[in-house]
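# Architecture at a glance
Spelled out, the chains give:
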Amino acid sequence: MILLRLYFEFFKIGLFAFGGGLATLPFLSELSSATGWFTQAELADMVAISESTPGPIGINMATYVGYSTQGVLGSVVAVLGIITPCVIVILLIARILDKFRASPYVEAVFKGLRPASLAMIAAAGLEVVRISLVHVDAYQAGGSFWDLISVKGLILALVLFFATKKIKGKPIFFILASAVIGIVFQMGT
């Protein structure tokens, strides 16, 4: 039964997450709340790992959730769920797009999807910032402003922000630097 639900949940994510892997984040956050298969902190870890490993982010995250819930079979089912809508849509579009390519309606639909995709990616980015830097539960428990903000996360974000301005390097440098800093911060707690 969980395998069927995994397929269905990731089918929905694949169907509605226009704009790439980061557009899946709001859906995954909702999935976390609805199922309890992973926490918001694990979601942040999934984003970090998915960003630094080869392959599409959505596929990597589906693999992670599927594996953590039902092992290898779960990861296969979740990946099939997330890619099925894409395959169906691509097959349909390939059949009809040549016929309607010059249509102003089709062009308008594609232009309308651009801001929607941008908004979903922006929402995903804000969700990552919220998960990484803001800790409302700790603030409510302790009452101090410093409990609300993750000082370590803020320092890391500032270092990486200024490093990208000063160092015109390859993205792998920043991925590796973030990994090292994250490991050092984790060891310190």
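## Focus: the packing of helix 2 (residues 25-35) against helix 3 (residues 40-52)
Direction vectors running N to C along helix 2 and helix 3 enclose 145°, while the axes themselves pass 10 Å from each other. The chirality of how helix 2 crosses helix 3 is right-handed. Contact residues: helix 2 offers L25, L28, S29, S32 and S33, while helix 3 offers Q40, L43 and V47. Residue classes in the contact of helix 2 with helix 3 are distributed as 4 nonpolar, 4 polar and no charged.

## Section: the confidence of the model for the protein chain
Residue-level pLDDT values for the protein chain average 81, and 96% of them are 70 or greater. Confidence scores differ between elements of the protein chain, with helix 9 (residues 171-187) showing the lowest mean pLDDT of 73 and helix 1 (residues 2-16) the highest of 90.

## A word on the nonpolar core
For soluble globular proteins, the rule of thumb is that nonpolar side chains tend to be buried together. Membership of the largest hydrophobic core comes to 24 residues, with the highest contact counts inside it found for F10, L28, F38, L43 and M61. For this core, the element with the highest residue contribution is helix 4 (residues 57-100), accounting for 8 residues. Look past the residues within four positions of L43 in its chain and what remains in contact with it is L25, L28, S29, F38, M61 and I131.

## Some points on the side chain of N60
Secondary-structure assignment places N60 in helix 4. Given the relative accessible area of 17%, N60 is considered buried.

## So, the layout of surface pockets
Roughly 1600 Å³ of internal volume is contained in the largest pocket. Surrounding the largest pocket, 35 residues form its lining, A44, A48, S132, L156 and S178 being those nearest its centre. Elements represented by at least two residues in the lining of the largest pocket include exactly helix 3, helix 5 (104-133), helix 8 (151-166) and helix 9. By residue class, the composition of the lining of the largest pocket is 21 nonpolar, 11 polar and 3 charged. A volume near 640 Å³ is recorded for the second largest pocket. Lining the second largest pocket are 27 residues, and of these F18, C86, V89, I90 and I93 sit closest to its centre. Listing elements by their share of the lining of the second largest pocket, those giving two or more residues are helix 1, helix 4 and helix 5. When residues of the lining of the second largest pocket are assigned to their parent elements, the largest contribution, 12 residues, is made by helix 4. Grouping the amino acids of the lining of the second largest pocket by side-chain chemistry returns 21 nonpolar, 6 polar and no charged.

Cut-offs used in this document
- Residues numbered from 1 in each chain as written.
- Predicted model: local features only at pLDDT ≥ 70, side-chain atom pairs only at ≥ 80, totals over all residues.
- Heavy atoms only, no water.
- Axes fitted to C-alpha atoms, helices over the stretch in contact; angles between N-to-C directions.
- Helix = DSSP H or I, 4+ residues; strand = E, 2+ residues; numbered from the N terminus.
- Left-handed = near helix turned anticlockwise from the far one by under 90°.
- Contact = heavy atoms within 4.5 Å.
- Nonpolar A, V, L, I, M, F, W, Y, C, P; charged D, E, K, R; others polar.
- pLDDT = per-residue confidence, 0-100.
- Core = buried A, V, L, I, M, F, W, Y, C linked by side-chain atoms within 4.5 Å.
- Buried < 20%, exposed > 50% of the residue type's maximum accessible area, 1.4 Å probe, protein only.
- 1 Å grid on protein atoms, 1.4 Å probe; cavity = no way out; pocket = protein on both sides within 12 Å on 5 of 7 lines; lining within 4 Å.
- Points joined across faces, edges and corners; volume = space filled by probe spheres on them.

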